[in-house]
Amino acid sequence: MSSIPCIPENRPHILVLGMGGTIAGLAPNPGESPLQYQAGQIGVDSLLSQVQSVIPPDIKLVSRQLANINSRNLTDAHLGELGLAVKEALADPSVRGIVITHGTDTIEETGLFLQLSCGKLAHTQSKRVILTGAMLPSNVPGADGPSNLLDALRWASTSIENCPGGIYAVMGGRGCMAMDLAKRHATSLNAPLQDSPSSKVNLINPSWLSGVKAVQAAWNEDLPIPQEGEWPWVEILTSHAGAHPETVNQWLKSEVQGLVIAGSGQGGFHDAWAQPLSKAMEQGIALVRTTRTGAGATLANIPEKDAPGCRASGVLTGPRARIGLQLALNAAKQANLVGKPLTWQDFFARIADLPEFR
Ligand code: ASP
């Protein structure tokens with residue numbers, strides 16, 4: 001762990017956790033090809049030194065590099081390590097707030113994971129955890145990383161009236177709950193990233209805050225983080241024209257514990273999958289249906305009645321439903337170990353039925 005500037009770690013500070021991403025990326029020819037670059041090339045200390053001269057002197061920082069990856073390569077183990085680091089920091093009285101620099105490709109997964117595993121703790125400890133990233137690598141003209149990082153540091157450290165502790169994200173001057181941040185454009189430099197209402201970081205508006213508070217009131221218990229090597233195996237399968245039963249049948253021979261079906265339209269899937277998916281449920285594979293459309297909710301028993309053992313995802317997208325199902329399967333397993341007869345559906349319902357502020 002290192003410090004920028006160097007301060008003893010028991011003094012009040014903001015903890016900055018580095019995960020990599022484009023914000024830490026370098027382009028070999030920054031002037032000519034800004035989109036051709038390697039993510040996760042420079043350390044979080046270097047990112048902080050780029051903004052050090054404009055950081056208000058009362059903000060003391062401690063940094064820790066947890067990973068330096070292209071977030072398309074994010075693993076269960078990375079998430080587990082990040083979740084434990086965030087929990088530890090939330091419990092540490094010298095940490096005032098936490099900023100996480102992360103790649104945007106899978107920030108969607110990490111945002112929901114942190115909400116479900118640390119959201120309640122952040123709320124009760126009145127600390128803000130802020131995820132941020134960038135669309136441009138660090139060495140190209142007009143790189144957006146420094147301003148995003150600065151916004152995140154300010155938001156994590158300032159006491160903003162009424163803005164509770166929780167898991168948030170900031171990009172392009174706007175903030176949202178981290179579970180609502182997702183990359184929604186492959187190449188655009190100002191890819192719209194928020195799925196939901198967002199607020200200008202320096203001008204938190206009351207209607208946005210009331211949405212945040214409604215979600216937080218409904219999220220009354222964090223889910224356990226799976227132990228390393230014990231993350232349930234869950235895959236996403238996309239239904240499409242010309243789908244083959246073999247696509248599902250292959251999984252019946254594997255150790256997979258859950259399948260998220262990214263269906264068409266309202267989350268329906270190709271008839272060719274009906275029989276193999278019934279077999280999957282008979283084998284005890286957990287099934288969640290979502291929509292591949294990228295927007296809108298997937299509702300129970302629409303367009304057809306759901307088989308028992310299949311759960312609609314609500315507003316959760318495929319990547320989020322996958323994280324939610326992993327944590328729900330793990331939570332049910334932990335509950336059963338201590339004699340509580342709860343199912344993955346019990347836990348998944350808590351996630352998918354959060355108020356629709358998103
Ligand atoms: N591929 C990069 C990553 O997710 C994209 C980014 O950070 O914007 O690490």
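Residues numbered from 1 in each chain as written. Predicted model: local features only at pLDDT ≥ 70, side-chain atom pairs only at ≥ 80, totals over all residues. Heavy atoms only, no water.

Student: Go over the overall build of the protein chain, please, and point to the residues and values.
Tutor: From N to C terminus, the protein chain includes nine helices and twelve strands. For 358 residues, the compact-globule formula gives about 21 Å, and the C-alpha radius of gyration of the protein chain, at 21 Å, lands near that figure. For the C-alpha atoms alone, the extent of the protein chain along its principal axes is close to 60 × 50 × 40 Å. Counting only residues that meet the buried cut, the protein chain has 53% of its 358 residues in that class. A sequence separation of at least 24 residues applies to 74% of the contacts in the protein chain between residues at least 6 apart. (Helix = DSSP H or I, 4+ residues; strand = E, 2+ residues; numbered from the N terminus. Rg over C-alpha atoms; globule rule 2.2 N^0.38 Å. Buried < 20%, exposed > 50% of the residue type's maximum accessible area, 1.4 Å probe, protein only. Contact = heavy atoms within 4.5 Å.)

Student: Quick rundown of the sheet that holds strand 11 (residues 286-291)? Include the residues and the values.
Tutor: Spatially, 9-10-11-12 is the arrangement adopted by the four strands of the open sheet, whose pairing is parallel. Every interior strand has two partners, whereas the edge strands, strand 9 (234-238) and strand 12 (310-312), have only one. Sheet twist, expressed as the mean angle between neighbouring strand axes with direction ignored, is 25°. Packed onto the sheet, helix 9 (residues 344-352) meets strand 11 and strand 12 and runs at close to 10° relative to strand 12. (Pairing = 2+ DSSP bridges. Axes fitted to C-alpha atoms, helices over the stretch in contact; angles between N-to-C directions.)

Student: Residues and numbers for the pattern of salt bridges, please.
Tutor: Close approach of charged atoms allows side chains of opposite charge to pair. Going through the model one piece at a time under the given rule, you end up with seven salt bridges. R289 is paired through a salt bridge with D306; the nearest N and O atoms lie 2.8 Å apart. With R289 in strand 11 and D306 in the loop between strand 11 and strand 12, this pair connects stretches of sequence that are 17 residues apart. Like R289, the residue D306 is buried in the burial classification. One salt-bridge network, held together by shared partners, links E108, R184 and R320. (Salt bridge = Lys/Arg side-chain N within 4 Å of Asp/Glu carboxyl O.)

Student: I'd like a rundown of the pairing of strand 5 (residues 128-132), residues and numbers included.
Tutor: A large share of strand 5 lies buried, amounting to five of its five residues. Two elements, strand 4 (residues 95-101) and strand 5, share four bridges in a ladder whose sense is parallel. Within strand 5, the position partnered with T101 by the bridge is T132. Once you follow strand 4 into helix 3 (residues 107-124) and on to strand 5, the crossover reads as right-handed. Where strand 5 lies against strand 6 (residues 166-171), five bridges are found, and the strand directions are parallel. Looking at the pairing, V129 lines up with I167 of strand 6. (Right-handed = clockwise from strand over helix to strand, strands pointing away.)

Student: Account for the side chain of S199, naming residues and giving values.
Tutor: Structurally, S199 can be placed in strand 8 (residues 199-200). Reaching out from S199, the side chain makes a polar contact with the backbone nitrogen of N205 at a distance of 2.9 Å. (Polar contact = N/O pair within 3.5 Å; in protein donor to acceptor, adjacent residues only side chain to side chain.)

Student: Describe the nonpolar core, naming the residues involved and giving the relevant values.
Tutor: Among the nonpolar cores identified, the biggest contains 91 residues, and V86, I98, I100 and L153 are the most heavily contacted of them. The biggest single contributor to this core is helix 8 (residues 318-337), with nine residues. Listed in part, the 15 residues of the second largest apolar core include I261, W273, A280 and M281. (Core = buried A, V, L, I, M, F, W, Y, C linked by side-chain atoms within 4.5 Å.)

Student: Let's hear about helix 2 (residues 76-91): which residues, and what values?
Tutor: Residues spaced three or four apart along an α-helix face the same direction, because each turn holds 3.6 residues. Compared with an ideal rise of 1.5 Å per residue, which puts 16 residues at 22 Å, helix 2 spans 23 Å between its outermost C-alpha atoms and is within 8% of the ideal. Buried residues of helix 2: H78, L79, G80, L82, G83, A85, V86, A89 and L90, and no others. Packing partners of the buried residues in helix 2 comprise strand 2 (13-20), strand 3 (61-69), strand 4, helix 3, strand 5 and helix 8. (Expected span 1.5 Å × (residues − 1).)

Student: Any details on helix 4 (residues 145-157)? Residues and values, ideally.
Tutor: Spanning 13 residues, helix 4 covers 18 Å between terminal C-alpha atoms, matching the ideal 18 Å at 1.5 Å per step. For helix 4, a buried count of ten out of 13 residues is recorded, marking the element as mostly surrounded by other parts of the structure. Among all positions in helix 4, only G145, N148, L149, L150, D151, A152, L153, W155, A156 and S157 are buried.

Student: An account of the environment of E230 is needed here, citing residue identities and associated values.
Tutor: Take E230: it is sitting in the loop between helix 5 (206-218) and strand 9. With a relative accessible area of 37%, E230 lands in the partly exposed category. E230 sits 20 residues away from S210 along the chain, and the two C-alpha atoms are 37 Å apart.

Student: Go over the packing of aromatic side chains, please, and point to the residues and values.
Tutor: Within this structure, the stated rule accounts for six aromatic pairs. Here the aromatic rings of W233 and W251 are separated by 5.7 Å at their centres, their planes lie at 80°, and the arrangement is edge-to-face. Here W233, found in the loop between helix 5 and strand 9, pairs with W251, found in helix 6 (residues 245-252); they are 18 residues apart in sequence, far enough to count as distant. Look at W233 and you get partly exposed, because its relative accessible area is 35%. Three or more aromatic residues joined by ring pairs form one cluster here, namely W155, Y168 and W208. Directly above the aromatic system of W219 lies the positively charged group of R350, at a separation of 4.5 Å from the ring centroid. (Phe/Tyr/Trp six-rings, centres within 6.5 Å; stacked < 30°, edge-to-face > 60°. Lys NZ or Arg CZ within 6 Å of the ring centre and 35° of its normal.)

Student: Pulling in residues and values, what's your account of the pairing of strand 2?
Tutor: Buried residues dominate strand 2, accounting for eight of its eight residues. Pairing of strand 2 with strand 4, which is carried by six bridges, proceeds in the parallel orientation. Directly across from G18, in strand 4, lies its bridge partner T101. In terms of strand pairing, strand 2 meets strand 3 through six bridges, oriented parallel. Paired with G20 across the two strands is I69, which belongs to strand 3.

Shape is all these values report; function is a separate question.
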